[in-house]
Amino acid sequence: MAVEGHGQPVRGSARVNALIVVIVYTAAMCMNGLDSTIVNPALLTIADDFGEPAVAANTVEIAFLVALVVALPIAGRLGDRFGTKLVFLGSLATFTAASAACGAAHNLDTLVLARVVQGLAGGLLTPVGMTILFRAFAPHERVKLAKVLIVPTALMPALGPPLGGFLTEHLSWHWLFLVNVPIGVAAVLLGLFGLREHREGVVGPFDRTGFALTTPTLGLLTYALGFGPSQGWTSPGIATCGTVGLGLLVVALAQQLRAPEPLLRLHLLRDRAFGPATMLALLTSAGLMGVLFVFPLLYQAALGASALDAGLGVFPEAVGLMLASQVVDRLLPRFGPRLLTTSALVPAALVFAALAVPGVAEHTWAVRALMFCVGLVLGTAVLTVQISGFGDIEPADIGHAMGLFTIVRTLGGSLGIAAGAAVIEAFGGSGGHDATEAGPYRAAILLTAALVAVGALFALRLPREAPGPPPFPEDEDEPENENKDEDEDQGASRSDPDGDGKRRHDAAGASAAG
């Protein structure tokens, strides 16, 4: 059943609204997910077209990633202050316009600037979009969203490199960005007429100190983690960014814990479901992104395979994720978050370790089968965590919870890649040693398996039961709910920022059921 506002049961037009939310969210997240990987195959072509060295083209990606993570901390605050519809559609329109500017760029500086704007808009899209999506469905119904969440989070990033290579080879690299324009315009227009505005309202002043600390912290750490493996951890730029970023992180955490109205509501990590779910997001993202980074290198070292062959070898992981999305909605209500996540992470760690067994990488179909299993079992755990982790979060906090969850998950992926690269270097996979030796890569894969195994310990802290329906009976003949128009509902939402009455009842019911 679709729900409107803060979980009030609705029928009729609200079901249509929920469908529009799903369509607009999926379109926007597909654009954002695709842009994170589609440019990689075209970087050399872009550098050649602009007469720039190949290393300079890397700024096209780093500009996007750093800008994206920098925008994440303020997403929840902006959605509460100005309304989730306004912020989401404004970000989507900005992302679309920036995509057009990227496609029309006539030099590298213009392209990088447009990518910065794209990244800032993309950083707001994900948490605010998920806030809108989760508010359109009651906690016990969010399990149905697995089929929606998997498309932008798994399929689109996996399709990015082959699609980017195809467009670059048969059309031009400009179409890597221009392909977003018609999709973005259609999604914005549909959202203007189909989405409903929601404002939580804000209490207290904006945490300027927190913003001044968290923004450079995330930017510096993302830069260091993203480029440390390729530029060297001891290079002056990476060493400086990493050291300053870690120092600012300590200061920022201390400030956020003391601030009366912090930018990042770290106290939400005390929630019995959200806290473990966030740690699991960190560990599973680190493990998955780490193995997807390391294993293609092992595959090429062991078999002498091409980069394309290595990319196709890990593609079955996305297929496994897609299959997982089709079964989670049936398994989660039956087994509950704790049992389902734990029973998925343990075999996931074993599958990761199997990828490091000598002789496995030499067999193409063994590789494909194991990568499919990675997607299936780890995808089941990831989707379960993403859906069940927000069951007890109060409606007023869900936007901030989404922002915090997305930050941790994003940094987890960067940490996994950086850790894998560090192990390869430490065991002699670069430098003066023979980079074709498979040993260092297998050691790095075992590290990713260990990260996933540690995640199983945090899974034991998840709730036993999946979120259930509200404990109060639904009155189908209640005339008040059917006759209230949209403006009255929105006015009630704005005039009741503390969640009194029915909204508090619903939140309490959802919390008790979770």
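Residues numbered from 1 in each chain as written. Predicted model: local features only at pLDDT ≥ 70, side-chain atom pairs only at ≥ 80, totals over all residues. Heavy atoms only, no water.

Q: Help me understand the overall build of the protein chain in this model?
A: Summing up its helical and strand segments, the protein chain has 21 helices and two strands in all. For the protein chain, with 514 residues in total, the buried portion stands at 54%. The long-range fraction of contacts in the protein chain, counting pairs at least 24 apart against all pairs at least 6 apart in sequence, stands at 83%. As displayed, the protein chain has an accessible area near 21,200 Å², and 66% of this comes from carbon and sulfur atoms. (Helix = DSSP H or I, 4+ residues; strand = E, 2+ residues; numbered from the N terminus. Buried < 20%, exposed > 50% of the residue type's maximum accessible area, 1.4 Å probe, protein only. Contact = heavy atoms within 4.5 Å. Areas by Shrake-Rupley, 256 points an atom, 1.4 Å probe, with all protein chains shown as cover.)

Q: I tried to follow a nonpolar patch on the surface on my own but got confused; where do I start?
A: A surface patch of nonpolar side chains, about 440 Å² in accessible area, is lined by Val185, Leu189, Leu192 and Phe193. Looking at where Leu189 falls in the secondary structure, it is placed in helix α10 (residues 180-194). (Patch = residues over 30% accessible without salt bridge, like charges linked within 9 Å, V, L, I, M, F, W, Y side chains within 5 Å. Salt bridge = Lys/Arg side-chain N within 4 Å of Asp/Glu carboxyl O.)

Q: Mind showing me how you'd approach the packing of helix α15 (residues 316-355) against helix α16 (residues 364-388) here?
A: A pair of packed helices is characterised by two quantities: the angle between their axes and the separation of those axes. At a minimum axis separation of 5 Å, α15 and α16 run at an interaxial angle of 140 degrees. By the criterion of interaxial angle, the relationship of α15 to α16 is oblique. For the contact of α15 with α16, the per-class residue count stands at 29 nonpolar, eight polar and two charged. (Axes fitted to C-alpha atoms, helices over the stretch in contact; angles between N-to-C directions. Parallel < 35°, antiparallel > 145°, perpendicular 65-115°, else oblique. Nonpolar A, V, L, I, M, F, W, Y, C, P; charged D, E, K, R; others polar.)

Q: Explain the side chain of Asp271 to me, please; I cannot follow it from the model alone.
A: Relative to the elements of secondary structure, Asp271 occurs in the loop between α12 (236-258) and α13 (274-303). Buried and unpaired, Asp271 has Arg272 as its nearest opposite-charge partner, separated by 6.1 Å. Engagement of the side chain of Asp271 in a polar contact is seen with the backbone nitrogen of Phe274, the distance being 2.9 Å. Beyond its immediate stretch of four places on either side in the chain, Asp271 contacts Pro276, Gly389, Asp392 and Ile393. (Lys, Arg positive; Asp, Glu negative; His and termini not counted. Polar contact = N/O pair within 3.5 Å; in protein donor to acceptor, adjacent residues only side chain to side chain.)

Q: Would you take a moment to explain the confidence of the model for the protein chain for this structure?
A: As a general rule, the predicted coordinates of low-pLDDT regions are not to be interpreted in detail. Scored by pLDDT, the protein chain has a mean of 76; 75% of the residues are at 70 or more. Confidence, expressed as mean pLDDT per element, reaches its minimum in the protein chain at strand β1 (residues 3-4) with 38 and its maximum at helix α6 (residues 84-103) with 90. Counted against residues more than four places away or in other chains, residues 1-10, with its pLDDT under 50, gives 35 contacts. Low confidence marks residues 430-435, where pLDDT is under 50. Its contacts with residues over four positions away, or in another chain, come to seven contacts. (pLDDT = per-residue confidence, 0-100.)

Q: So what exactly am I meant to see when it comes to the nonpolar core here?
A: Soluble globular proteins tend to bury their nonpolar side chains together. In this structure, Phe88, Phe274 and Phe390 are the most contacted members of the largest nonpolar core, which totals 52 residues. Of all the secondary-structure elements, those providing two or more residues to this core are α1 (13-35), α4 (59-71), α6, α7 (108-135), α10, α13 and α17 (398-426). Examining the composition of this core, we find that nine residues originate from one element, α1, more than from any other. Contacts of Phe274, omitting those with residues within four sequence positions, involve Leu268, Leu269, Gly389, Phe390, Ile393, Ala401, Leu404 and Phe405. By size, the runner-up hydrophobic cluster in this structure holds 38 residues, among which are Ala344, Ala349, Ala381 and Tyr441. (Core = buried A, V, L, I, M, F, W, Y, C linked by side-chain atoms within 4.5 Å.)

Q: What am I meant to see in the packing of aromatic side chains here?
A: The way to describe two aromatic rings as a pair is by their centre distance and the angle between their planes. Applying the stated criterion across every chain yields a total of two aromatic pairs. When the centroid spacing of 6.3 Å and the interplanar angle of 85 degrees are considered together, the rings of Trp173 and Phe177 count as edge-to-face. Classification of Phe177 as buried rests on a relative accessible area of 0%. Sitting over the face of the ring of Phe82, Arg81 holds its NZ or CZ atom 4.9 Å from the ring centroid. (Phe/Tyr/Trp six-rings, centres within 6.5 Å; stacked < 30°, edge-to-face > 60°. Lys NZ or Arg CZ within 6 Å of the ring centre and 35° of its normal.)

Q: How should I be thinking about the packing of α15 against helix α18 (residues 439-459) in this particular structure?
A: Relative orientation of the contacting elements α15 and α18 amounts to 170 degrees, with a least axis distance of 8 Å. With respect to each other, α15 and α18 are oriented roughly antiparallel. For the pair formed by α15 and α18, the contact residues are Arg338, Thr341, Thr342, Leu345, Val346, Ala348, Ala349, Phe352, Ala353 and Leu355 on the first element and Ile445, Leu446, Thr448, Ala449, Val452, Ala453, Gly455, Ala456 and Ala459 on the second. Of the residues that constitute the contact of α15 with α18, the class distribution is 14 nonpolar, four polar and one charged.

Q: I keep staring at the side chain of Thr222 and nothing clicks. Help me out?
A: Among the secondary structure elements, Thr222 is positioned in helix α11 (residues 208-231). Owing to a relative accessible area of 8%, Thr222 belongs among the buried residues under this scheme. At 2.7 Å, the side chain of Thr222 and the backbone oxygen of Leu218 are in polar contact. Those residues in contact with Thr222, other than ones at most four positions away along the chain, are Leu65, Val66, Val69 and Leu411.

Q: Help me understand α16 in this model?
A: Working note: α-helix, 3.6 residues per turn, so residues spaced by three or four point in the same direction. For α16, spanning 25 residues, the distance from its first C-alpha to its last is 36 Å, which sits close to the expected 36 Å at 1.5 Å a residue. By the largest-angle criterion, Gly379 marks the main kink of α16, which is about 30 degrees. (Expected span 1.5 Å × (residues − 1). Bend = angle between axes of the 7 residues up to and from the residue.)

Q: Mind showing me how you'd approach the environment of Thr380 here?
A: Mapping Thr380 onto the fold places it in helix α16. As for Thr380 and Ser325, which are separated by 55 residues in sequence, their C-alpha atoms are 7.1 Å apart. With near-sequence residues (within four places) excluded, Thr380 lies in contact with Ala324, Val328, Leu340, Ala344 and Gly375.

Q: Sorry, what's going on with the environment of Val69 here?
A: Along the chain, Val69 falls in helix α4. Judged by relative accessible area, which is 0%, Val69 ranks as buried. Sequence spacing of Val69 and Leu120 is 51 residues, and the spatial spacing of their C-alpha atoms is 7.9 Å. Not counting the four nearest positions on each side in its chain, Val69 is found in contact with Leu218, Gly219, Thr222 and Thr410.

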